[in-house]
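Residue-level structural notes
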Amino acid sequence: MGYEFSTAWFVVGLLVTIAGGLFMKYHMWVADNFGGGMGSYDRYKLAALITVIVGLVFMVNIHTVLLGLIFGALFGGIANG
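Residues numbered from 1 in each chain as written. Predicted model: local features only at pLDDT ≥ 70, side-chain atom pairs only at ≥ 80, totals over all residues. Heavy atoms only, no water.

**Topic: the overall build of the chain**
- Along the chain, the regular secondary structure elements total four helices and zero strands.
- Ordered by position from N to C terminus, the α and β elements of the chain give α-α-α-α.
- Relative to the 2.2 N^0.38 estimate, which gives 12 Å for 81 residues, the radius of gyration of the chain is 17 Å and therefore markedly larger than a compact globule would have.
- Each of the 81 residues in the chain was classed as buried or not, and the buried ones make up 20%.
- The long-range fraction of contacts in the chain, counting pairs at least 24 apart against all pairs at least 6 apart in sequence, stands at 65%.
- For the chain, the accessible surface area stands at approximately 5,800 Å², while carbon and sulfur atoms represent 74% of it. (Helix = DSSP H or I, 4+ residues; strand = E, 2+ residues; numbered from the N terminus. Rg over C-alpha atoms; globule rule 2.2 N^0.38 Å. Buried < 20%, exposed > 50% of the residue type's maximum accessible area, 1.4 Å probe, protein only. Contact = heavy atoms within 4.5 Å. Areas by Shrake-Rupley, 256 points an atom, 1.4 Å probe, with all protein chains shown as cover.)

Okay, structure coming up:
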């Protein structure tokens, strides 16, 4: 499976990256209102960082290559007989 750029995944990745960036900016407000408050600020910031990274991976359409490698390593023996 080779790499192929996709405009749709670029747009989806851009939206996820923007959502992660907003989450990163307002992580304290989110933690105060939806979480345990000050004790969970770092967890929410980490979740926001992971969201931004996943969005960037979606933007460049690497997720299909990574999933192909993972599933090929796990189930490659089954496919080869």
